[in-house]
Amino acid sequence: MTDLDLMLKLTLQLVVILVTCRVVGWLGRRFLGQTQVVMEMIAGIALGPSLLGILWPQAQTWLFPRDWIVGGQTVHHPSMSILYCFSQLGLLLYMFLVGLEFDSKILRQSSGTALSVSVAGIVAPFVFGGLLGLGLSGNGMFFGVNVTAWNGAIYMGAAMCITAFPTLARILYEQGLASSPLGTLALAAGASNDVVAWALLAVVIGLTKSDPRYAIFAIGGGALYALSILTVGRRCLRYLGAATERAGRLTSATFLITIVCVLFCAWFTDMIG
């Protein structure tokens with residue numbers, strides 16, 4: 001497959017995905033009262049093997065080629081790998097825009113409430129997920145033989161705590177609540193839940209692989225990242241904000257610096273797990 005073939009395939013994939021999302025989203029809002037993001041998830045299922053793959057498998061396989069198994073390893077089709085990169089790039093840019101809507105003043109005023117909501121959103125799912133993990137730990141269908149009952153319990157508990165944060169942010173944005181006290185509280189609680197849950201998952205991976213570096217990188221790296229952003233990063237961003245106000249517009253240099261910072265932060269946080 002040549003580069004031109006990949007470009008043409010990717011272009012057609014994007015056209016089909018965007019049109020399907022808009023059509024399904026309009027139908028969902030018009031007749032079901034659902035948000036656009038919920039209908040986009042349904043559109044994704046419809047374009048996959050669960051619906052299109054059953055109704056028209058040849059078209060689904062041609063448009064979205066399946067993975068290959070080479071030497072026992074799963075290899076993504078080149079077009080699907082490129083499409084995955086596009087989706088991740090769109091996701092990180094969108095989450096950056098969500099951060100622009102985040103009102104830190106409201107959060108400081110209601111930090112106690114946000115912490116209480118976050119703890120409540122963690123404890124109950126973690127307990128019930130942990131009990132489920134204990135019950136399933138002896139079943140080879142769910143966990144490998146090297147996974148202990150406690151590792152399985154922590155894994156299931158942490159998995160149940162993770163919030164679909166981008167989906168939550170989209171729903172709040174579509175409902176016009178992103179900048180409201182309620183929206184800020186929900187985003188803060190959801191973000192706190194995810195931080196704790198992903199840290200727990202890193203601990204589980206470290207215990208299972210007998211390698212503490214997973215937990216050290218995730219927890220220690222996350223703390224280092226937060227400290228850097230709240231100290232040096234905040235001062236640099238304040239300087240960029242002042243420069244933008246003096247210029248009266250967003251200059252190309254400021255835009256470039258902002259995009260570079262966003263991409264670097266995305267790389268770093270993904271690298272540490």
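The rules behind each value
- Residues numbered from 1 in each chain as written.
- Predicted model: local features only at pLDDT ≥ 70, side-chain atom pairs only at ≥ 80, totals over all residues.
- Heavy atoms only, no water.
- Helix = DSSP H or I, 4+ residues; strand = E, 2+ residues; numbered from the N terminus.
- Buried < 20%, exposed > 50% of the residue type's maximum accessible area, 1.4 Å probe, protein only.
- Contact = heavy atoms within 4.5 Å.
- Areas by Shrake-Rupley, 256 points an atom, 1.4 Å probe, with all protein chains shown as cover.
- Axes fitted to C-alpha atoms, helices over the stretch in contact; angles between N-to-C directions.
- Parallel < 35°, antiparallel > 145°, perpendicular 65-115°, else oblique.
- Nonpolar A, V, L, I, M, F, W, Y, C, P; charged D, E, K, R; others polar.
- Salt bridge = Lys/Arg side-chain N within 4 Å of Asp/Glu carboxyl O.
- 1 Å grid on protein atoms, 1.4 Å probe; cavity = no way out; pocket = protein on both sides within 12 Å on 5 of 7 lines; lining within 4 Å.
- Points joined across faces, edges and corners; volume = space filled by probe spheres on them.
- pLDDT = per-residue confidence, 0-100.
- Disulfide = S-S within 2.5 Å.
- Phe/Tyr/Trp six-rings, centres within 6.5 Å; stacked < 30°, edge-to-face > 60°.
- Left-handed = near helix turned anticlockwise from the far one by under 90°.

Undergrad: Looking at this structure, how should I read the overall build of the protein?
TA: Along the backbone of the protein there are 12 helices and two strands. Order of helices (α) and strands (β) in the protein, N terminus to C terminus: α-α-α-α-β-β-α-α-α-α-α-α-α-α. With respect to the three principal axes, the spread of C-alpha positions in the protein is 55 × 50 × 40 Å. A buried classification covers 29% of the 273 residues belonging to the protein. The long-range fraction of contacts in the protein, counting pairs at least 24 apart against all pairs at least 6 apart in sequence, stands at 62%. Roughly 17400 Å² of accessible area belongs to the protein as shown, and the carbon and sulfur atoms make up 72% of that amount.

Undergrad: Before we go on, may I ask you to explain the packing of helix H11 (residues 213-247) against helix H12 (residues 252-271) in this structure?
TA: Think of two packed helices as two axes; the pair is described by the angle between the axes and how far apart they sit. It is at 12 Å that the axes of H11 and H12 come closest, and there the two elements cross at 175°. It follows from the interaxial angle that H11 and H12 lie roughly antiparallel. Contact residues: Gly221, Tyr225, Ile229, Leu240 and Thr244 in H11; Thr254, Ile257, Thr258, Cys265, Phe268 and Thr269 in H12. Classifying every residue of the contact of H11 with H12 by side-chain character gives six nonpolar, five polar and no charged.

Undergrad: Help me understand the pattern of salt bridges in this model?
TA: Two side chains bearing opposite charge may form a pair once their charged atoms approach each other closely. The tally for this structure, following the rule as stated, stands at two salt bridges. Residue Arg170 pairs with Glu40 through a salt bridge whose shortest N-O separation is 3.1 Å. Residue Arg170 is located in helix H9 (residues 165-174), and its partner Glu40 is located in helix H2 (residues 36-47); the two are separated by 130 residues in the primary sequence. With a relative accessible area of 23%, Glu40 lands in the partly exposed category. When the shortest N-O distance is used, the salt bridge between Glu174 and Arg170 registers 3.0 Å. You can see Glu174 and its partner Arg170 sitting in helix H9, four residues apart, about one turn around the helix. Salt bridges linked by common partners bring Glu40, Arg170 and Glu174 together as one network.

Undergrad: I keep staring at the layout of surface pockets and nothing clicks. Help me out?
TA: Rolling a probe over the atoms, with the probe sized like a water molecule, indicates the empty space that remains. Each pocket or cavity is described by its volume, and for the second largest pocket that value is around 1000 Å³. In terms of lining residues, the second largest pocket is bounded by 27 residues, among which Ile17, Cys21, Glu40, Gly44 and Ser87 are the most central. Of all elements in the fold, only helix H1 (3-32), H2, helix H5 (78-101) and H9 reach the threshold of two or more residues within the lining of the second largest pocket. It is H5 that provides the largest number of residues to the lining of the second largest pocket, a total of seven residues. Its residues placed into classes, the lining of the second largest pocket shows 17 nonpolar, six polar and four charged.

Undergrad: For this particular structure, what's the right way to read the confidence of the model for the protein?
TA: Keep in mind that low pLDDT regions are not for reading the predicted coordinates in detail. Scored by pLDDT, the protein has a mean of 85; 97% of the residues are at 70 or more. Element-level pLDDT for the protein is lowest in strand S1 (residues 68-70), with a mean of 65, against a maximum mean of 93 in helix H3 (residues 52-55).

Undergrad: Sorry if this is basic, but what is going on with the side chain of Thr167 here?
TA: For Thr167, the position within the fold is in helix H9. For Thr167, a relative accessible area of 18% puts it in the buried group. Setting aside residues up to four positions removed in sequence, Thr167 forms contacts with Val37 and Met41.

Undergrad: What's the story with the state of the cysteines in this structure? I'm lost.
TA: Chemically, a disulfide is nothing more than a covalent bond linking the sulfur atoms of two cysteines. Here the structure, examined in full by the defined rule, presents zero disulfides. Left without a disulfide partner, Cys21 is nearest to the cysteine sulfur of Cys85, which lies 19 Å away. Of the cysteine sulfurs around Cys261, a residue in no disulfide, the closest is that of Cys265, at 6.4 Å.

Undergrad: Help me understand the packing of aromatic side chains in this model?
TA: Given two aromatic rings, their pairing is described by the distance between the two centres and the angle made by the two planes. Taken as a whole, this structure holds three aromatic pairs when the rule is applied. For the pair Trp26 and Phe31, a centre-to-centre distance of 6.0 Å together with 90° between the ring planes defines the contact as edge-to-face. Owing to a relative accessible area of 58%, Phe31 belongs among the exposed residues under this scheme. Taking 6.1 Å as the distance between ring centres and 25° as the angle between the ring planes, the aromatic pair formed by Tyr225 and Phe268 counts as stacked. With a gap of 43 residues between them, Tyr225 in helix H11 and Phe268 in helix H12 connect regions that are remote in the sequence.

Undergrad: Would you mind showing me how to read the packing of helix H7 (residues 111-136) against helix H8 (residues 149-161) here?
TA: Across the interface, H7 lies against H8 with an axial gap of 7 Å and an inter-helix angle of 140°. Taken as axis vectors, H7 and H8 run oblique relative to one another. Note on packing geometry: the crossing formed by H7 with H8 is right-handed. The residues of H8 that touch H7, namely those facing Ile122, Pro125, Phe126, Gly129, Gly130, Leu132, Gly133 and Leu134, are Ala149, Gly152, Ala153, Ile154, Met156, Gly157, Ala158, Met160 and Cys161. Counted by class, the contact of H7 with H8 contains 12 nonpolar, five polar and no charged residues.

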